[in-house]
Amino acid sequence: MSAPISPSSLPNWLPMLRWMRHYRRDHATGDGVAAAVVTLMLVPQSLAYAQLAGMPPEAGLYASILPLVVYSVLGTSSALAVGPAAVTSLMTAAAAGALAPEGTPIYGWAVWWLAALSGAISLLLGVLRLGVLAHFLSHPVLHGFVSASGILIAASQLKHLLGVPLNGTTLPSLLAQGWHTVGGTHGPTLLIGAGTLAVLLAARRGLRPGLRRLGWSATAADIATKAAPVAILAAVTAVCAAADAASHGVRVVGTVPAGLPTFTWPGLGDAGWAGLEPLLLPAFLLAIVGFVESVSVGQSLAARRRERIDPDAELRALGAGNLAAAVSGGFPVTGGFARSVVNFEAGARTPAAGLYTAVGLAGVAAFLTPALHHLPQAALAATIMVAVLTLVDLPAFARIWRYSHSDFAAMALTAALTLTVGVEVGLGAGVLASFALLLYRNSRPHIAVVGRIPGTEHFRNVERHAVETVPHVLGLRVDESLTFANARFLEDYVAAQVATRPAVRDVVLQCSAINEIDASALESLQTIQERLAQAGIRLHLSEVKGPVMDRLQRAGLPARLSGQVFLSHHQAIETLAPRGATSG
């Protein structure tokens, strides 16, 4: 739970107070340069992600202004750039599209509330210091979800690239509609989209090494490569304006209202609070996915500067940022990978870089939107498709398969359902599958019969090493904490091992890997003790950790054991078996 806010803890809640005390001129220079580069990058990105989210282009700019200001006050990362992102934009479109078609008032109402609700959820989790909840989203599930989302995002942009109507929300429906409508492909639109796509891909793959061969520094070449899409889209826009592409049926961005975002409040609608119920689960998933993506980027960049970020403060900053996006006419935001890396490499030293970027974007929204009129939607679609290529990590499926078939099953299930049913179902099923696998693994802990390595005091698994064993002593090493989930498994395992060894008179549980024994497991140990005693067998414990032993003593178990508690497993064998009473 959160502690009361005192003057000494105020910087933990307002991290800006911490970095502002040490702000210097060189910080301002680095932040200003980074802001200029990121502003150029964010203009086409914001427009593209607004298109992906089913929102008007100005919404993308608005979603990139006030959230940046809020994050600079509340965030703890010196380089994280907050704004629209591919996966959260797709999730927004999927959730709002389930209620109404794009462009309708209800769709805009749903997007507003998705941003507000996800922001409120993140803010509440941050205030309660529950950032640890994000740890329950396993990496294989997240990889499967993000890869599938990348494929789905690319497929959803085919309608803009080909100039055909596609209204599906799953990969099979999009491909089926695309197959039936491909004959109606608009030639000029395809030419613009495919051409832009080819140039963007060529720039991504070849521009950096080309600039390096020309003598550019690695940092400058990286920044130029990441900023190249701005120049490419500017050139495409200029060509389309000169050719009046819109008069030839090419869909362009059109008129983008000039001006700064204003306060918006759509109300609750006719259904009142009950009308928000369909948005609660999508908003929660948006909050968790946005936080995981953001904190992963923030931590990786912080590690490169030997800094640290506060996950709970990041939750609060993202929550407040999404609330700011909602009230300023934007849509759900998070910390984006590409723009954060560019911000970092361009020299951002403090969160003030976000403030400067917001000022730059505000200038674009106020004065430069007429220049966006002839920007073709096909070019924005190409931008999105190139951007999401980094999300699709197909080799990860092979890596996870080789390492863990069960984790691969959760990953594949998440990806398959995301592609075929929807993003919410896919992610939800993946989380449930992860919990199911966790419970299954915990219910079947690894238990090894151990013997002594000759000439040493070390005990290892008899199935992996050539060891010495004592016929009348059964040594078992339990490699998991004992809980209600696996206590019954331990009972059955001990009974089965004793049944196959008639000579056993002593059972020693080596507890070196046991960090916790809950009440259910305590009762199981008592049951094992009683069953072994009835068979004339003593139960002993060895290498019990201090905190575990304290709890066992409070429960009185050591006093009721038919055997003893030994400091080490070696001591147990030396006590229970005369030297030489061993077999290989």
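Residues numbered from 1 in each chain as written. Predicted model: local features only at pLDDT ≥ 70, side-chain atom pairs only at ≥ 80, totals over all residues. Heavy atoms only, no water.

Participant: How should the overall build of the protein chain be read in this particular structure?
Facilitator: A tally of helices and strands in the protein chain yields 25 helices and eight strands. Within the protein chain, the proportion of its 584 residues that are buried is 51%. In the protein chain, of all internal contacts separated by at least 6 residues, the share reaching a separation of at least 24 is 79%. As displayed, the protein chain offers around 26,200 Å² of accessible surface, 64% of which is attributable to carbon and sulfur atoms. (Helix = DSSP H or I, 4+ residues; strand = E, 2+ residues; numbered from the N terminus. Buried < 20%, exposed > 50% of the residue type's maximum accessible area, 1.4 Å probe, protein only. Contact = heavy atoms within 4.5 Å. Areas by Shrake-Rupley, 256 points an atom, 1.4 Å probe, with all protein chains shown as cover.)

Participant: For this particular structure, what's the right way to read the sheet that holds strand E6 (residues 506-510)?
Facilitator: Strand pairing in a sheet is mediated by backbone hydrogen bonds. Such pairs are either parallel or antiparallel. Ordered in space as E4-E3-E5-E6-E7-E8, the six strands form an open sheet in which the pairing is mixed. Only two strands of the sheet have a single partner each, and these edge strands are strand E4 (459-461) and strand E8 (565-566). Of the pairings in the sheet, the one linking strand E3 (residues 447-452) to E4 comprises three bridges and is antiparallel in character. Bridging from a neighbouring strand, Val 450 pairs with Asn 461 of E4. (Pairing = 2+ DSSP bridges.)

Participant: Before we go on, may I ask you to explain unusual backbone geometry in this structure?
Facilitator: Residues apart from glycine generally show negative phi values, whereas peptide bonds are mostly found in trans. With phi around 60 degrees, Arg 129 is a residue other than glycine that occupies positive phi space. Following the sequence through the fold, Arg 129 ends up in the loop between helix H7 (105-127) and helix H8 (139-156). Owing to a relative accessible area of 34%, Arg 129 belongs among the partly exposed residues under this scheme. Its identity as a non-glycine residue notwithstanding, Glu 543 has a phi of 55 degrees, on the positive side. Tracing the sequence through the fold places Glu 543 in the loop between strand E7 (538-542) and helix H23 (546-555). Note on Glu 543: relative accessible area 25%, which makes it partly exposed.

Participant: Help me out: how do you make sense of helix H3 (residues 25-53) in this one?
Facilitator: For H3, with 29 residues, the first-to-last C-alpha span of 39 Å sits near the 42 Å given by 1.5 Å per residue. In the structure, H3 departs most strongly from a straight axis at Leu 42, where the bend amounts to approximately 30 degrees and where the proline Pro 44 lies between one and four residues downstream. Of all 29 residues that make up H3, 21 are buried, and the element is covered over most of its length. Positive phi appears at Gly 54, one or two residues downstream of H3, with a value of about 80 degrees. (Expected span 1.5 Å × (residues − 1). Bend = angle between axes of the 7 residues up to and from the residue.)

Participant: Looking at this structure, how should I read the layout of surface pockets?
Facilitator: One simple way to see leftover space: roll a probe sized like a water molecule over the atoms. A volume near 1,400 Å³ is recorded for the largest pocket. Lining the largest pocket are 48 residues, and of these Glu 293, Phe 337, Ala 338, Thr 390 and Leu 391 lie nearest its centre. Only H3, helix H6 (86-97), H8, helix H11 (187-213), helix H12 (218-243), helix H13 (277-304), helix H15 (337-345) and helix H17 (377-388) provide two or more residues apiece to the lining of the largest pocket. Here the element with the most residues in the lining of the largest pocket is H13; it accounts for nine residues. Along the lines of polarity and charge, the residues of the lining of the largest pocket split into 31 nonpolar, 12 polar and five charged. In this structure, the second largest pocket is lined by 31 residues; those nearest its centre are Ala 93, Ala 94, Gly 97, Gly 168 and Thr 169. (1 Å grid on protein atoms, 1.4 Å probe; cavity = no way out; pocket = protein on both sides within 12 Å on 5 of 7 lines; lining within 4 Å. Points joined across faces, edges and corners; volume = space filled by probe spheres on them. Nonpolar A, V, L, I, M, F, W, Y, C, P; charged D, E, K, R; others polar.)

Participant: Looking at this model, I keep getting lost on the packing of aromatic side chains. Mind explaining?
Facilitator: The way to describe two aromatic rings as a pair is by their centre distance and the angle between their planes. Tallying each qualifying case throughout the model produces seven aromatic pairs. Measuring from ring centre to ring centre gives 5.7 Å for Trp 113 and Trp 265, while their planes differ by 70 degrees; the resulting arrangement is edge-to-face. One end of the pair, Trp 113, is in helix H7; the other, Trp 265, is in the loop between H12 and H13, and 152 residues separate them in sequence. The exposed category is assigned to Trp 265, whose relative accessible area is 52%. Among the aromatic residues, those joined into a ring-pair cluster are Trp 112, Trp 113, Trp 265 and Trp 273. One residue, Arg 316, lies across the ring of Trp 13, its end atom 4.1 Å from the ring centre. (Phe/Tyr/Trp six-rings, centres within 6.5 Å; stacked < 30°, edge-to-face > 60°. Lys NZ or Arg CZ within 6 Å of the ring centre and 35° of its normal.)

Participant: Looking at this structure, how should I read the nonpolar core?
Facilitator: Core analysis: the biggest nonpolar cluster contains 128 residues, and Met 91, Trp 113, Phe 145, Leu 279, Phe 331 and Leu 427 have the highest contact counts within it. Residues contacting Phe 145, with those up to four places away along its chain left out, are Val 87, Met 91, Val 289, Thr 414, Thr 418, Val 423 and Leu 427. Grouped together as the second largest cluster of nonpolar side chains are 31 residues, Ile 447, Leu 476, Leu 525 and Met 549 included. (Core = buried A, V, L, I, M, F, W, Y, C linked by side-chain atoms within 4.5 Å.)

Participant: Just checking my understanding: could you explain empty space enclosed by the protein for this structure?
Facilitator: By the definition in use, this model includes three cavities of 30 Å³ or more. Of the volumes computed, that of the largest cavity is approximately 70 Å³. Taken together, Thr 88, Ser 118, Ser 122, Leu 286, Ala 287, Gly 290, Phe 291, Leu 318, Asn 322, Pro 332, Val 333 and Thr 334 make up the lining of the largest cavity. Of all the secondary structure elements, the ones that give two or more residues to the lining of the largest cavity are H7, H13 and helix H14 (311-327). Of the residues forming the lining of the largest cavity, the biggest block, four residues, is contributed by H13. Partitioned by chemical class, the residues of the lining of the largest cavity number six nonpolar, six polar and no charged.

Participant: I tried to follow the packing of helix H19 (residues 405-420) against helix H20 (residues 423-443) on my own but got confused; where do I start?
Facilitator: Each pair of packed helices can be summarised by the angle the axes make with each other and by the distance between the axes. Two numbers describe how H19 lies on H20: the axes approach to 7 Å, and their chain directions differ by 165 degrees. In terms of orientation, H19 lies roughly antiparallel with respect to H20. Taken as a pair, H19 and H20 cross one another with a handedness that is right-handed. For the pair formed by H19 and H20, the contact residues are Ser 406, Asp 407, Ala 410, Leu 413, Thr 414, Leu 417 and Thr 418 on the first element and Val 423, Gly 426, Leu 427, Ala 429, Gly 430, Ala 433, Leu 437 and Arg 441 on the second. Counted by class, the contact of H19 with H20 contains eight nonpolar, five polar and two charged residues. (Axes fitted to C-alpha atoms, helices over the stretch in contact; angles between N-to-C directions. Parallel < 35°, antiparallel > 145°, perpendicular 65-115°, else oblique. Left-handed = near helix turned anticlockwise from the far one by under 90°.)

Participant: Could you clarify how one ought to interpret the pattern of salt bridges in this entry?
Facilitator: Pairs may arise between side chains of opposite charge once their charged atoms sit close together. Throughout the structure, instances matching the rule amount to 12 salt bridges. Two residues, Asp 26 and Arg 24, come together in a salt bridge whose shortest N-O distance is 3.1 Å. Of the charged contacts in the structure, one is a salt bridge between Arg 441 and Asp 407, with a shortest N-O distance of 2.9 Å. Here Arg 441, found in helix H20, pairs with Asp 407, found in helix H19; they are 34 residues apart in sequence, far enough to count as distant. Since its relative accessible area comes to 35%, Arg 441 is described here as partly exposed. Salt bridges sharing partners connect three or more residues here, namely Arg 24, Asp 26 and Arg 349. (Salt bridge = Lys/Arg side-chain N within 4 Å of Asp/Glu carboxyl O.)

Participant: I would appreciate a short explanation of the packing of H7 against H13 in the present structure.
Facilitator: Where H7 contacts H13, the axes come no closer than 8 Å and their chain directions differ by 55 degrees. Here H7 lies oblique to H13, going by the angle between them. Seen along the crossing, H7 lies across H13 with a hand that is right-handed. The segment H7 lies against H13, with Trp 109, Ala 110, Trp 113, Leu 114, Leu 117, Ser 118, Ile 121, Ser 122 and Leu 125 engaging Leu 279, Leu 280, Pro 282, Ala 283, Phe 284, Leu 286, Ala 287 and Ile 288. For the contact of H7 with H13, the residue count by class is 15 nonpolar, two polar and no charged.

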